[in-house]
Amino acid sequence: MTLRNGKEFLMIPGPTNVPDEVLRAMHRPAVDIYEGPLLRTTDACLAGLKRLFRTEGKPYIYISNGHGAWDAALSNTLSRGDKVLVLESGRFALGWGEAAAMSGIEVEVLPGNWRRPVDPAAVAARLTADTSHAIKAVLVVQIDTASGVLNDIRAIRAAIDAAGHPALFMVDCIASLGCVPFEMDAWGVDLALTGSQKGLMAPPGLAFIAAGPRALAAHKTAGLRNSYMDWTFRDGPEHYMKYCGTPPEHMLFAFNRAVELIEEEGLEAVWRRHRLLARATRAAVEVWGRAGTMDLNITVPEARSDSVTVILFNGVDPAPLRAFVKDVCGVTVGGTIGEIAGRGIRIGHMGHVNAAMLLGTLSALDLGLRHLGIPHGTGAVDAALACLTADLAASA
Ligand SMILES: *Cc1c(COP(=O)(O)O)cnc(C)c1O
């Protein structure tokens with residue numbers, strides 16, 4: 001017996017639901033890459049990226065996923081043998097560090113905890129001890145999709161400044177841009193990167209970098225530069241040079257439409273929507289958790305992300321619950337990865353998500369908990385509704 005026929009919900013932390021309008025924007029013939037409307041599409045995408053990153057820095061578009069943006073960030077600014085400090089708070093900053101190590105960069109991990117954000121005081125202490133300024137860059141994620149943490153980028157910048165350290169500050173915003181506030185210039189971020197397929201509501205396949213003045217200066221002496229990723233080549237006069245070859249036309253049509261949709265809603269309104277849906281999700285999880293079988297993975301309330309909620313199960317296998325909501329209800333939620341693989345679920349609520357989708361997902365999970373006899377606090381969906389009621393009244 002299933003109740004699955006109907007619109008399927010993809011509630012994983014990327015790739016995310018692509019709006020029909022974005023899909024439709026791709027459904028057109030290929031066009032000339034040397035002149036004509038495609039050049040305007042490129043300009044619109046680049047200008048949109050500056051507004052999304054909130055920067056006067058330089059945006060670059062890559063035909064890649066987020067991993068490619070990691071490599072592009074490193075190869076354009078660093079040299080073999082340089083040292084970087086990776087701030088651990090889950091899986092993804094470590095992954096960026098592993099990419100750096102592959103390129104011959106020396107990687108030091110500032111150990112963190114999967115249940116807490118990066119501690120800015122620990123960053124300040126480590127950088128203060130680096131009196132010779134051997135560390136050339138600090139790498140961090142704003143939201144780690146594996147742990148569900150939101151790191152305080154402004155506070156980490158303040159820690160770097162407090163140490164008087166000149167390292168470049170590079171931030172992975174793959175699971176946060178277009179979901180939560182990010183202010184590249186106001187927060188003193190030297191380089192930020194993201195991908196098309198999470199908060200930005202486009203299909204996977206494009207990655208974006210915004211480079212501030214200090215990153216662009218480092219580029220001039222970077223020894224890891226390579227032809228395809230190179231900013232200098234991409235700054236060249238011909239349109240094709242921006243992509244180091246044929247532009248990914250249909251992806252650009254899609255991304256351009258997605259940026260328009262975000263700006264029609266308003267970036268601040270998008271952030272607010274994410275905040276309200278995330279708060280409702282957390283309210284539900286806290287009620288389920290009263291029976292002791294599950295907890296929000298992140299223990300620090302203000303460091304729980306608004307784009308993904310990671311739930312850690314205690315003594316209960318989450319696999320049957322995930323299978324139930326998928327096979328019976330048509331809702332796909334994520335499993336956990338890395339250090340907590342197999343021990344919980346991840347609910348993605350980023351990008352093209354509305355209240356009905358979120359409440360439907362929570363209801364399907366509630367149904368699954370009942371059906372499978374997994375002990376849980378009752379009234380979780382009611383708690384989510386009460387949370388939304390209060391938040392909507394407060395923001396009216
Ligand atoms: C998804 C994700 C990545 C990896 O992006 P890919 O497009 O899968 O390469 C990196 N960092 C964070 C924070 C992510 O959420």
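Residues numbered from 1 in each chain as written. Predicted model: local features only at pLDDT ≥ 70, side-chain atom pairs only at ≥ 80, totals over all residues. Heavy atoms only, no water.

The subject of this paragraph is the pattern of salt bridges. Within the structure shown, the criterion is met by 22 salt bridges. Close ionic contact of D327 with R4 constitutes a salt bridge, the shortest N to O distance being 3.8 Å. Of the two residues, D327 is situated in helix α11 (residues 319-327) and R4 in the segment before β1 (9-11); the sequence distance between them amounts to 323 residues. The exposure class assigned to D327 is partly exposed, which follows from its relative accessible area of 39%. (Salt bridge = Lys/Arg side-chain N within 4 Å of Asp/Glu carboxyl O. Helix = DSSP H or I, 4+ residues; strand = E, 2+ residues; numbered from the N terminus. Buried < 20%, exposed > 50% of the residue type's maximum accessible area, 1.4 Å probe, protein only.)

In this fold, R290 is placed in the loop between α10 (267-288) and β11 (294-296). For R290, a relative accessible area of 67% corresponds to the exposed category. Separated by 48 residues in the primary sequence, R290 and G338 have C-alpha atoms spaced 26 Å apart.

By the secondary structure assignment, S305 is in the loop between β11 and β12 (308-313). A polar atom in the side chain of S305 sits 3.2 Å from the backbone nitrogen of S307. Setting aside residues up to four positions removed in sequence, S305 forms contacts with I143, G148, V149, L150, A278, R282 and H349. (Polar contact = N/O pair within 3.5 Å; in protein donor to acceptor, adjacent residues only side chain to side chain. Contact = heavy atoms within 4.5 Å.)

Under the present numbering, the feature "domain: Aminotransferase class V" (unreviewed entry) in UniProt falls on residues 58-333. Between the C-alpha atoms that bound residues 58-333 there is a distance of 36 Å. The span itself is 37% helix and 20% strand. (UniProt positions renumbered as here; feature names shortened; annotations may be inferred.)

The strand order β1-β13-β14-β12-β11 describes an open sheet built from five strands, whose pairing is mixed. Each of the sheet's edge strands pairs with one partner strand only, and the pair in question is β1 and β11. Neighbouring strand axes in the sheet, compared pairwise and without regard to direction, differ in orientation by 30 degrees on average. Bridge count for β1 against strand β13 (residues 331-335) is three bridges, and the pairing is parallel. (Pairing = 2+ DSSP bridges. Axes fitted to C-alpha atoms, helices over the stretch in contact; angles between N-to-C directions.)

Looking now at the UniProt feature "modified residue: N6-(pyridoxal phosphate)lysine" (unreviewed entry) in the protein chain. Here the UniProt-annotated "modified residue: N6-(pyridoxal phosphate)lysine" (unreviewed entry) positions come out as K198. Examined against the element boundaries, K198 turns out to sit in the loop between β9 (191-195) and β10 (206-211). Those residues in contact with K198, other than ones at most four positions away along the chain, are P13, G14, T16, T145, I174, A175, M350 and G351.

Take the packing of aromatic side chains next. As enumerated under the stated definition, the model contains five aromatic pairs in all. When the ring of W70 is compared with that of W96, the centres are 6.4 Å apart and the planes differ by 10 degrees; the resulting orientation is stacked. Residue W70 is located in helix α3 (residues 66-77), and its partner W96 is located in helix α4 (residues 92-102); the two are separated by 26 residues in the primary sequence. Considered together, W70 and W96 belong to a single accessibility category, that of buried residues. Above the ring of F253, the side-chain terminus of R28 is found at 3.8 Å from the ring centroid. One Lys or Arg, R234, reaches over the ring of Y228 and ends 4.8 Å from the middle of that ring. (Phe/Tyr/Trp six-rings, centres within 6.5 Å; stacked < 30°, edge-to-face > 60°. Lys NZ or Arg CZ within 6 Å of the ring centre and 35° of its normal.)

Here we come to unusual backbone geometry. The omega angle of the peptide bond from G14 to P15 is -5 degrees, so this bond is cis rather than trans. The topology assignment puts P15 in the loop between β1 and α1 (20-26). If you check the backbone angles, H133 has positive phi at about 55 degrees while not being a glycine. For H133, the position within the fold is in the loop between α5 (120-129) and β5 (135-141). Taking relative accessible area as the criterion, H133 reaches 30% and is therefore assigned partly exposed. One non-glycine residue with positive phi stands out, namely C244, at about 50 degrees.

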